[in-house]
Amino acid sequence: FLASNNCIMTSKYNIITFLPVNLFEQFQEVANTYFLFLLILQLIPQISSLSWFTTIVPLVLVLSITAVKDATDDYFRHKSDNQVNNRQSQVLINGILQKEKWMNVRVGDIIKLENNQFVAADLLLLSSSEPHGLCYIETAELDGETNMKVRQSLSVTSELGDPNHLAQFDGEVVCEPPNNKLDRFCGTLYWRECKYGLSNQNMLLRGCVLRNTESCYGLVIFAGPDTKLMQNSGRTKFKRTSIDRLMNTLVLWIFGFLVCMGVILAIGNAVWEREVGFLFQSYLPWDPPVDNFLFSAFLSFWSYVIILNTVVPISLYVSVEVIRLCHSYFINWDRRMFCNRSSTPAEARSTTLNEELGQVEYIFSDKTGTLTQNIMTFNNSISAYDILALSQRAQPLDFSTWNPLADRDFCFYDASLLEAVKVGEPAVHEFFRVLSLCHTVMSEEKSEGELVYKAQSPDEGALVTAARNFGFVFRSRTPSTITTQELGKAVTYTLLAILDFNNIRKRMSVIVRTPEGRIRLYCKGADTVLFERLHSCSHDVMNITSDHLNEYAGDGLRTLALAYRDLSEEQWAEWAERYRGADKAIDCREDRLAAAYEEIEQDLMLLGATAIEDKLQEGVAETIAILSLANIKIWVLTGDKQETAVNIGYSCKMLTDDTTEVFIVNGHTVQSVREDLRLVCHPFISPPTSVLESISGEFALVISGHSLAHALEADMEQEFLETACACRAVICCRVTPLQKAMVVELVKRHKNAVTLAIGDGANDVSMIKTAHIGVGISGQEGIQAVLASDYSFSQFRFLQRLLLVHGRWSYLRMCRFLCYFFYKNFAFTMVHFWFGFFCGFSAQTVYDQYFITLYNIVYTSLPVLAMGIFDQDVPEQRSLEYPKLYEPGQLNLLFNKREFFICIAQGIYTSVVLFFIPYGVLSQATQSNGVPLADYQTFAVTTATALVIVVSVQISLDTGYWTAINHFFVWGSVGAYFTILFTMHSSVLFNIFPKQFHFLGSSQNTLAQPVVWLTIALATVICIAPVLAFRFLKLDLKPQLSDTVRYTQLVQQKKWKPALGRLGRGGSRRSGYAFAHQEGFGELITSGKNMRLSSLALATFASRHSASWIDTLRKKKHNPHICMFSPCLRGFPPGSPVSSHSPQTCSQANWTCYTAPRCV
């Protein structure tokens, strides 16, 4: 393949392509093409009875506004691209390191990286300042994980640390083509007549950050769009809302309706010209080139197409863009979505998707950095003899008073545990000794007493830090020793072996020789694994520990069990011999080592357990619970391992005690995955019932990345989708960025639902771009997700407000806007249709062209614009209190084809009244002096005035939330109409433009007649009375939820806030164990290859928040004599005295509300 340069481009346009590409995108909107066609017709004088400027000015305005908005969005993409492309890197050129911009880096260049620098391209690590060619990287931009990862160069290149030696490097790399697989690389290095295999462990990928390594050198393998980061980014897609797509369909229908009306009137013209028109030929001949009635009918058809085109005026699209822009600013200005900690406001990066925020059914969320802070804190512990748990939170303990090496950021509140350490409880000492010895953490002492731990997983860092604060301080290590400081005394243990962790063993052990000469094995791991290997005398302790582990797991904490075993010299010698043999084996080395580990890890003595909290972001549990009540399904797609993801599922209440069962799909083959999926469905399905009908929704599905790869194949994806959608919670773990996008695309393709993806890292970019709506979290993992998103903010909890308040209001406002807009324009336009039957089908307009031009620009544009911007059915607090208010948007109830036909039916009815009532009255009416009123201008002024008044009264009824701006626009528009009307018929304009303003004093004369005002009043009553009657009946017989909420707001004398305590927890499922680091660190430590390391600061944050009220909200068991819903939808305060009669089912939940005869 042809190697790419290192310049990236996430923008859609450049200076040359902007105009043609943007116009092509805009004319994909059917309405824009429709108006361009009308403009061409209006340029033909034989068929146009309206000036061409009435169409071209609004069309150019719409195209210009949209183009400016798109150009602005793309400008910021260009700005971001330039910022990245202009970063500096050191490139080896002719044996000299020279600074070059990233965009100028090419495949084959050798780059020098320094500590904390981003990797510019996909590099083959050649050498490092660390021993043995090691370097440490952070891959948060790629997979969302902030823990350190190790990369190592080939031994043959590790000594090429000098630029002079590197300049002589002439190796050739043959590798796989560019792909999006982050966890694998396959290639071969040919150098000095030898070949060396290359793997992912030798690669530094673009987007990684070099950490705790002074410098390293790398050879560019892939650059720019070929890098794995960009291969996973996906293309920037042009997103449209479902309302936009519906509008395209409706415009086609309206155009078809317009053609039908044109055909009817053209046929009428042909009949009239043939039967009646020939009588006038002697003094009213046809204009050239018309020479027969058929050609006259043909021209009449196009004339009526032009006249009746206002059923969909171009001003509709101008107004839509203005409304969306204002809604975007409301999001940007929302102080309740502003994060004070990071000084980050919410930002609507796209202005075209606001109403779609009110229709979301599926949310696909990343975990690390999105739901969690990726900060682990030591929470609880249990010793074998005393239960030492967190009792209550008062003031945090001050460890520095007796331990000068304590970490001051560490927070713990249980003084009894510290007292047990001080009094010398042997079990507690042994407990913390395990934590200080059984790990793979590296330590660096920057200055006397200032320790910095470098842990590959935040779990291990939290445990070692906890032991440090309780007096068992891990100080340093060598390949054969571990040095600690136990209660102020330095102790050195001989490290005999590390039995490393992997996902199958789910545990790790170390074997050490104590200063007293005893040999002891210390082990930590998943409780389900360790309990099987305990000595029989530990069963009583195991039962006690298991109960507390269940309690901790129920709180979503990550648990670990700790144990030890004493070994005799003979036992150690015999086992060590077998261990060395297995370690040196060429065939089946892993299996032989596993067997050796299994042999020695038996008859363990249980010491206790730990509980680690992977701290959630503030408000995550409440947000997920509220969104679930709004019938929004949340799927977690994460690159983390299964146990971690499941733990977070419990922590954020996706998985609760109400979850009947959690199904695990973990197969490695197509057949095993298919069997797992069918096993999930088997207990519930009896043919021909479908999965969706049979599963009650109280189940959860957890699927791993390797299983998901098979489940997304064409022959299995439908089965997977049905199973997943039937479950209450879905967690996909160990997934690649592309798999995230594929899951989102699967739901988009098969479900008629709006999807939203939210993430904070570069590994989430594909998912964000694929979903209907992409949300970026501006967190600790860079800004790639934010740059690719449609909306961004800093905390997951703001998603609740974005959807339930801004999204719901935007959808409501847009639907009300569209319904009213179609209504008023059909009422306006169809008058021309009825008039055609009384004017010889001559394409004569009822109104003058100035009224036609100003109707949608001045007279009716601002009131509907104000409604579309400011309207709301209930206050924002009620939108959050009643999540069910969100469901009409998901079901698309407020604007659909049915609602559209109701609107145009009302508009047609109004046009009939507005035409025939004035026509019938004025045809027989006379002025006070006996002069008839049956003239064209009187009829036109009367009809136009009645129209403006009727549509103004109608929007007053449609507006649910009045502001000063609404009042000003509604009544100001009516005032503007009369002002302009009298001005156009005044002598001043007549004297200046006598050819344009012919009808001097027509409006003044017409509106001075009482019969005209009576006619207008009659038409208004006939138009509005049925609407009022229908709405009152609907409100009384079939009220919507928003109507009920508004009613409760009126009847409540004061706002009542529930004070719900935390409900007790029943038996919980066991949370997964707290173990997140990778396999292989044990061997790395004992080999001595990584003994020189730099610092890694491990931060700890404030104690976790409480989400106890949400437990109450989601409980189904309740007091049958109390209404738990706040407030009761029937208007009775929760907790009011009730009788045992008249149970009423609450429409918001499954609770039963027993209502008393009156509210007390």
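Computed from a predicted model, the values in this text were never measured in an experiment.

Description of the overall build of the protein chain
Next up, step 1: Looking only at helices and strands, the protein chain features 39 helices and 33 strands.
Next up, step 2: Taking all 1160 residues of the protein chain together, the buried fraction comes to 56%.
Next up, step 3: When the accessible surface of the protein chain is summed, it comes to about 48400 Å², and 57% of that surface belongs to carbon and sulfur atoms.

Quick word on the UniProt feature "binding site: Mg(2+)" (unreviewed entry) in the protein chain
Next up, step 1: If you check UniProt for "binding site: Mg(2+)" (unreviewed entry), the listed places come out as D366, T368, D760 and D764 in our numbering. Of the residues just listed, which span 399 residues, no C-alpha pair is farther apart than 10.8 Å, and they cluster in one region.
Next up, step 2: If you trace the backbone, D366 turns up in the loop between β14 (360-365) and β15 (372-383).
Next up, step 3: The class of D366 is buried, set by a relative accessible area of 1%.
Next up, step 4: The residues contacting D366, other than those within four sequence positions of it, are L371, L637, T638, K740, I758, G759, D760, N763, D764 and M767.
Next up, step 5: Under the relative-accessibility criterion, D764 is labelled buried at 0%.
Next up, step 6: Sequence-distant contacts of D764, that is, excluding residues within four places in its chain, are made with D366, K740 and G759.
Next up, step 7: A polar atom in the side chain of D764 sits 3.0 Å from the backbone nitrogen of D760.

With respect to unusual backbone geometry
Next up, step 1: Unusually for a residue other than glycine, K506 sits at a positive phi of about 60°.
Next up, step 2: On the secondary structure map, K506 appears in the loop between β20 (489-499) and β21 (507-513).
Next up, step 3: Among the residues examined, K506 registers a relative accessible area of 26% and is labelled partly exposed.
Next up, step 4: Unlike most non-glycine residues, F841 shows phi in positive territory, near 55°.

Things to note about the environment of N202
Next up, step 1: Note on placement: N202 falls in the loop between β9 (194-198) and β10 (203-204).
Next up, step 2: Owing to a relative accessible area of 8%, N202 belongs among the buried residues under this scheme.
Next up, step 3: Leave out the neighbours within four places in its chain, and N202 touches L123, L124, L125, Q152, S153, L154 and G197.
Next up, step 4: Among the polar contacts listed, one links the side chain of N202 to the backbone nitrogen of S199, at a separation of 2.9 Å.

Re the packing of aromatic side chains
Each aromatic ring pair is summarised here by two numbers: the centre-to-centre distance and the angle between the ring planes.
Next up, step 1: Throughout the structure, instances matching the rule amount to 57 aromatic pairs.
Next up, step 2: Taken together, a centroid distance of 6.1 Å and an interplanar angle of 75° make the contact between F838 and F916 edge-to-face. One end of the pair, F838, is in the loop between α26 (798-836) and α27 (849-859); the other, F916, is in helix α31 (residues 897-922), with 78 residues separating them in the sequence.
Next up, step 3: Judged by relative accessible area, F838 falls into the partly exposed class, the value being 40%.
Next up, step 4: The class of F916 is partly exposed, set by a relative accessible area of 34%.
Next up, step 5: Aromatic pair Y919 and F939: ring centres 6.2 Å apart, planes at 85°, arrangement edge-to-face. Within this pair, whereas Y919 is found in helix α31, its partner F939 is found in helix α32 (residues 936-958), the two being separated by 20 residues in sequence.
Next up, step 6: On the accessibility criterion, F939 (8% relative accessible area) is buried.

Comments concerning helix α23 (residues 737-750)
Next up, step 1: The end-to-end C-alpha separation of α23 is 21 Å, in line with the 20 Å expected for 14 residues at 1.5 Å each.
Next up, step 2: Residues P737, Q739, K740, A741, V743, V744, L746 and V747 constitute the buried set of α23.

Thoughts on the sheet that holds strand β13 (residues 347-348)
Next up, step 1: If you trace the nine strands from one edge of the open sheet to the other, you get β13-β31-β30-β29-β14-β25-β28-β27-β26, paired in mixed fashion. If you trace the sheet from one side to the other, it starts and ends with β13 and β26 (661-665), each paired once.
Next up, step 2: Bridging between β14 and strand β25 (residues 633-637) involves four bridges; their strand directions are parallel. What sits directly across from I363, in β25, is I634.
Next up, step 3: Its contacts with the sheet place α23 against β14, β25 and β29 (754-759), and it is angled at close to 155° to β25.

Side note on a nonpolar patch on the surface
Next up, step 1: Taken together, the side chains of I264, F837, F838, V912, F916 and Y919 make up a nonpolar region of the molecular surface, amounting to roughly 500 Å² of accessible area.
Next up, step 2: Along the chain, F837 falls in the loop between α26 and α27.

Considering the packing of α27 against helix α33 (residues 964-984)
Next up, step 1: α33 packs onto α27 with a crossing angle of 155° between their chain directions and a minimal axis gap of 11 Å. Between α27 and α33, the angle falls in the class roughly antiparallel. α27 and α33 meet at a crossing whose hand is right-handed. From α27, Y850, F851, L854, V858 and Y859 reach across to α33, where they touch S973, A976, Y977, I980 and M984.
Next up, step 2: The residue inventory of the contact of α27 with α33, partitioned by class, reads nine nonpolar, one polar and no charged.

Structural notes on the nonpolar core
Generally speaking, nonpolar side chains in soluble globular proteins are found buried as a group.
Next up, step 1: Core analysis: the largest hydrophobic core is formed by 97 residues, its most contacted members being V312, L316, L818 and F851.
Next up, step 2: The biggest single contributor to this core is α26, with 18 residues.
Next up, step 3: Setting aside chain neighbours within four positions, we find V312 in contact with Y34, F35, V251, I254, Y317 and F822.
Next up, step 4: If you look at the next biggest cluster of nonpolar residues, it comprises 47 residues, including I363, C652, F796 and L802.

Observations concerning the sheet that holds strand β6 (residues 148-152)
Next up, step 1: If you trace the three strands from one edge of the open sheet to the other, you get β6-β5-β11, paired in antiparallel fashion. Each edge of the open sheet is held by one strand with a lone partner, namely β6 and β11 (209-211). On average, each strand axis in the sheet is tilted by 45° relative to the strand beside it, whichever way the strands run.
Next up, step 2: Pairing of strand β5 (residues 134-138) with β6, which is carried by five bridges, proceeds in the antiparallel orientation. Across the sheet, the residue bridging to L134 is Q152, located in β6.

Re the pattern of salt bridges
Next up, step 1: Inspection of every chain in the model, using the stated rule, returns 38 salt bridges.
Next up, step 2: Two residues, R520 and D566, come together in a salt bridge whose shortest N-O distance is 2.6 Å. Here D566 lies in strand β23 (residues 558-567) and R520 lies in strand β22 (residues 519-525), a separation of 46 residues in the sequence.
Next up, step 3: Owing to a relative accessible area of 38%, D566 belongs among the partly exposed residues under this scheme.
Next up, step 4: Residue D715 pairs with R674 through a salt bridge whose shortest N-O separation is 3.1 Å. Within this pair, whereas D715 is found in the loop between α21 (705-711) and α22 (717-726), its partner R674 is found in helix α19 (residues 670-681), the two being separated by 41 residues in sequence.
Next up, step 5: Taking the relative accessible area as the measure of exposure, D715 reaches 52% and is therefore exposed.

Focus: the side chain of T623
Next up, step 1: Turning to its location among the elements, T623 is positioned in helix α17 (residues 620-629).
Next up, step 2: Contacts of T623, omitting those with residues within four sequence positions, involve F796, R797 and Q800.

Some details on the pairing of β21
Next up, step 1: Counting buried positions along β21 yields six of seven residues, so the element is predominantly enclosed.
Next up, step 2: Here β20 pairs with β21 via five bridges, running antiparallel. Within β21, the position partnered with I498 by the bridge is V510.
Next up, step 3: Note that β21 and β22 share seven bridges and pair antiparallel. Pairing of R513 across the sheet is with I519, part of β22.
Next up, step 4: Hairpin connection, β21 to β22: the antiparallel pair is bridged by five residues, and G517 has positive phi, about 100°.

Section: the environment of L205
Next up, step 1: Note on placement: L205 falls in the loop between β10 and β11.
Next up, step 2: As a C-alpha pair, L205 and K228 span 23 residues in sequence and 7.1 Å in three-dimensional space.
Next up, step 3: Among all residues touching L205, those that are not within four sequence positions of it are V119, A121, D122, L142, L182 and K228.

How each quantity is defined
Residues numbered from 1 in each chain as written. Predicted model: local features only at pLDDT ≥ 70, side-chain atom pairs only at ≥ 80, totals over all residues. Heavy atoms only, no water. Helix = DSSP H or I, 4+ residues; strand = E, 2+ residues; numbered from the N terminus. Buried < 20%, exposed > 50% of the residue type's maximum accessible area, 1.4 Å probe, protein only. Areas by Shrake-Rupley, 256 points an atom, 1.4 Å probe, with all protein chains shown as cover. UniProt positions renumbered as here; feature names shortened; annotations may be inferred. Contact = heavy atoms within 4.5 Å. Polar contact = N/O pair within 3.5 Å; in protein donor to acceptor, adjacent residues only side chain to side chain. Phe/Tyr/Trp six-rings, centres within 6.5 Å; stacked < 30°, edge-to-face > 60°. Expected span 1.5 Å × (residues − 1). Pairing = 2+ DSSP bridges. Axes fitted to C-alpha atoms, helices over the stretch in contact; angles between N-to-C directions. Patch = residues over 30% accessible without salt bridge, like charges linked within 9 Å, V, L, I, M, F, W, Y side chains within 5 Å. Salt bridge = Lys/Arg side-chain N within 4 Å of Asp/Glu carboxyl O. Parallel < 35°, antiparallel > 145°, perpendicular 65-115°, else oblique. Left-handed = near helix turned anticlockwise from the far one by under 90°. Nonpolar A, V, L, I, M, F, W, Y, C, P; charged D, E, K, R; others polar. Core = buried A, V, L, I, M, F, W, Y, C linked by side-chain atoms within 4.5 Å.

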